[in-house]
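# Structural overview for review
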Amino acid sequence: MTSAQVGTQPKGIEATDSDSAAGEGYHRALGARQIQMIAIGGAIGTGLFLGAGKGISKAGPSLILAYAIAGLVIFFIMRALGELLMYRPVSGSFSEYARQFIGPFAGFVTGWTYWLFWVVTGITEVTAAATYMTYWWNIPQWLSALVFTFVLYGANLISVKLFGELEFWFSMVKVTAIVGMILICAGILTLGFSDAGDTASVTHLWDQGGFFPNGIGNTLMTLQMVMFAFLAVELVGVTAGESKDPKTVLPKAINTVPWRIAVFYVGALIMILSVVPWTEFQPGVSPFVHAFEKMGLGIGAAIVNFVVLTAALSSCNSGMYSTGRMLRDLALNGQGPAFFTKLTRSGTPLVGTTFSAALMMVGVWVNYQWPGDAFTYVVSFATISGMWAWIVILVCHVRYRRKADRGLLAESPFKAPGGIWASIVSLAFIGMVIVMMALDKDARVSLYCAPLWGLLLLVSYLVLKARNPESAAFAKRSQS
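None of the values given here were measured: they were computed from a predicted structure.

Here is what the cut-offs are and how they apply
Residues numbered from 1 in each chain as written. Predicted model: local features only at pLDDT ≥ 70, side-chain atom pairs only at ≥ 80, totals over all residues. Heavy atoms only, no water. Helix = DSSP H or I, 4+ residues; strand = E, 2+ residues; numbered from the N terminus. Buried < 20%, exposed > 50% of the residue type's maximum accessible area, 1.4 Å probe, protein only. Contact = heavy atoms within 4.5 Å. Areas by Shrake-Rupley, 256 points an atom, 1.4 Å probe, with all protein chains shown as cover. Salt bridge = Lys/Arg side-chain N within 4 Å of Asp/Glu carboxyl O. Phe/Tyr/Trp six-rings, centres within 6.5 Å; stacked < 30°, edge-to-face > 60°. Arc of directions from axis to C-beta. Polar contact = N/O pair within 3.5 Å; in protein donor to acceptor, adjacent residues only side chain to side chain. Core = buried A, V, L, I, M, F, W, Y, C linked by side-chain atoms within 4.5 Å. pLDDT = per-residue confidence, 0-100. Axes fitted to C-alpha atoms, helices over the stretch in contact; angles between N-to-C directions. Parallel < 35°, antiparallel > 145°, perpendicular 65-115°, else oblique. Nonpolar A, V, L, I, M, F, W, Y, C, P; charged D, E, K, R; others polar. Patch = residues over 30% accessible without salt bridge, like charges linked within 9 Å, V, L, I, M, F, W, Y side chains within 5 Å.

In terms of helices and strands, the chain carries 21 helices and zero strands. Across the 480 residues in the chain, those meeting the buried criterion constitute 59%. Sequence-distant contacts, at least 24 apart, represent 81% of the contacts inside the chain between residues at least 6 apart. With the model as given, the accessible surface of the chain reaches about 18200 Å², and the carbon-plus-sulfur share is 67%.

Turning our attention to unusual backbone geometry. Residue A232 is not a glycine yet carries a positive backbone phi of 95 degrees. Examined against the element boundaries, A232 turns out to sit in the loop between α11 (223–229) and α12 (246–255).

Attention now moves to the pattern of salt bridges. Pairs can form between side chains of opposite charge whenever their charged atoms are close. Tallying each qualifying case throughout the model produces six salt bridges. Note that E96 is salt-bridged to R88, the shortest N-O span being 2.8 Å. Grouping residues by exposure puts E96 and R88 together as buried. Salt-bridge contacts for R99 lead to D329; the nearest nitrogen and oxygen are separated by 3.2 Å. One end of the pair, R99, is in helix α6 (residues 94–101); the other, D329, is in helix α15 (residues 300–332), and 230 residues separate them in sequence. Neither R99 nor D329 differs from the other in exposure class; each is buried.

Another point: the side chain of H290. In this structure, H290 sits in helix α14 (residues 287–294). Relative accessible area serves as the criterion here: at 18%, H290 is assigned to the buried category. Ignoring anything within four residues of it in the chain, the contact list for H290 reads V276, E280, F281 and V285.

A full pass over the atoms with the stated rule returns 24 aromatic pairs. Taking the centre distance of 6.2 Å and the plane angle of 50 degrees together, the rings of Y87 and F101 count as tilted. Highlighted residues: Y87 in helix α5 (residues 63–87) and F101 in helix α6, separated in sequence by 14 residues. A relative accessible area of 1% places Y87 in the buried class. Assessed through its relative accessible area of 3%, F101 is described here as buried. Summarising the aromatic geometry, the rings of Y114 and W118 are spaced 6.3 Å apart at their centres and angled 85 degrees between planes, so their arrangement reads as edge-to-face. Of this pair, Y114 and W118 both sit in helix α7 (residues 104–133), four residues apart, roughly one helical turn. Comparing Y114 with W118, the two get one shared label, buried. Each residue in the set F105, F108, W112, W115, F339, F340, F355 and Y461 is aromatic and connected to the rest through ring pairs, giving one cluster.

What follows covers helix α16 (residues 350–360). Taken together, the buried positions of α16 are G352, T353, S356, A357 and M360. The arc that holds every buried residue of α16, seen down its axis, measures 125 degrees, which confines them to one face.

Right, let's get into the environment of C185. For C185, the position within the fold is in helix α9 (residues 160–191). Taking the C-alpha atoms as reference points, C185 and I272, 87 residues apart in sequence, are found 6.8 Å from one another. Ignoring any residue separated from it by four or fewer positions in sequence, one finds C185 in contact with M271, I272, V275 and M295.

In this fold, H204 is placed in the loop between α9 and α10 (216–221). The exposure class assigned to H204 is buried, which follows from its relative accessible area of 9%. Reaching out from H204, the side chain makes a polar contact with the backbone oxygen of T199 at a distance of 2.8 Å. Sequence-distant contacts of H204, defined by excluding residues within four places in its chain, comprise P61, T199, L273, S274, V275, V276, P277 and W278.

Let us now look at the nonpolar core. The nonpolar side chains of soluble globular proteins are, as a tendency, buried together. Ranked by size, the top nonpolar core spans 139 residues in total, and within it Y67, I74 and W390 carry the most contacts. The dominant element in this core, judged by the number of residues it contributes, is α7, at 18 residues. Discounting residues that sit within four places of it in the chain, Y67 has contacts with G47, A52, V226, A229, F230, I261, Y265, V266 and L269.

Attention shifts here to the confidence of the model for the chain. In this model, the chain carries an average pLDDT of 82, and 86% of its residues clear a pLDDT of 70 or more. Between residues 1–23, whose pLDDT stays under 50, and residues either more than four places distant or in other chains, the model counts 57 contacts.

Running from N to C, helix α8 (residues 141–158) and α9 cross one another at 130 degrees; their axes reach a closest spacing of 7 Å. Comparing their axes, α9 and α8 come out oblique. On α9, the residues that touch L152, A155, N156 and I158 of α8 are L162, F163, L166 and F170. Here the residues of the contact of α8 with α9 sort into seven nonpolar, one polar and no charged.

Taken together, the side chains of L65, I69, F211, F212, I216 and L220 define a hydrophobic patch exposed on the protein surface, amounting to about 470 Å² of accessible area. The set of elements that each furnish at least two residues to the nonpolar patch consists of α5 and α10.

Burial analysis of α6 places eight of its eight residues in the buried class, the great majority of the element. Of all the positions in α6, only F94, S95, E96, Y97, A98, R99, Q100 and F101 are classed as buried. Positioned one or two residues after α6, G103 has a phi angle of 155 degrees, which is positive.

Next up on the list: the environment of I178. Counting through the fold element by element, I178 comes out in helix α9. With 86 residues separating them in the primary sequence, I178 and F264 have C-alpha atoms 6.4 Å apart. Apart from residues lying up to four places away in sequence, I178 is in contact with I44, L48, F49, F264, A268 and F288.

Shown next as structure tokens:
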């Protein structure tokens, strides 16, 4: 049984029905090496390789501080998730926790919203990957998108181990690229080689208008872009039901969050902005590409293009994996069609993955119809739906910890630092980011989509409840 609770259940407290069902049939095939790289890969994506250029031009060197602060909040979110996972490592993860600690409607909304997040993200990333392919070959975007979708779909159906192996190598490419950039920049700063050697200096961090050249207000406005760059870091929680040794592997993976952010985001930006003044970066241009060009390394553009292609495929691969699991969790809890529960012999959710992959094929059609604007048509909703998962994790952690402190639930062996207060502060921070989104005309469209999606889910939930009001799916699970 993959979702057995960690620790001893207090007397009188019974496991929920899905404790035995949520992960039933899955294979524990993801090892420590793969889980670590899934965790690392979730924190590194196109938000860093491409999106950081806009942040630099808006906030200057203070973007480093924005990444550091946001990274600390992400660490609190991950530790809150880690405490829940060690209390009860279920495959449904935060969807199941929402069902238990908030209510059945919250679980319904979380499961379907996280599923939609990955479907939309998959469309976005396969679109981006198809765009990157045109750098080397003049082939139609829709054809590349079609091939990538089919290959990743096939890999996810074969076995979870193959998914983990693909994610390991995708993440390895991203990590190698960033570490290589940091080492090259460190060499330029200390040895003075390359075309940038004569001007490279750490003083660039404060001598081009100061550390906050455009004011603290503009730095705060970049927090939304910074948080979006971290979307998908919570994916490691979805792997709980298929990890070989979740009690050992997951805490180690979560505890690497601080140094991952410190090295891959803060460290990389410090090095790049020390070699090249922030005033030379432009929105829409990868800071990595521009830095390579300033160093006189023309091959850098091709390298970065390969890396962002890998990052896009990694995200789409993760989408294929998580959507099938979320649909199966919903179906097992009576909040989705029963046919989504079907597994292959290798333990992968056949129907759920196939259905999600079919919707991702919409991305192929979008690429065929509007090859020049495809990316912008599908990106807006992914951000707010992804942050919903973080909000749910934090709320569930607060409610779990309050009951555990009263002895009503088993204590988790992996307690989050700061406890309830760290989660409350993190919720306030996310609330501030959402306000920043509302103030930004470019990001505001994400908020317009949320009420429409929420209304659709409410109507669907009420219809399901009316058809089967006695179902356990619609009864809040008491754990007190």
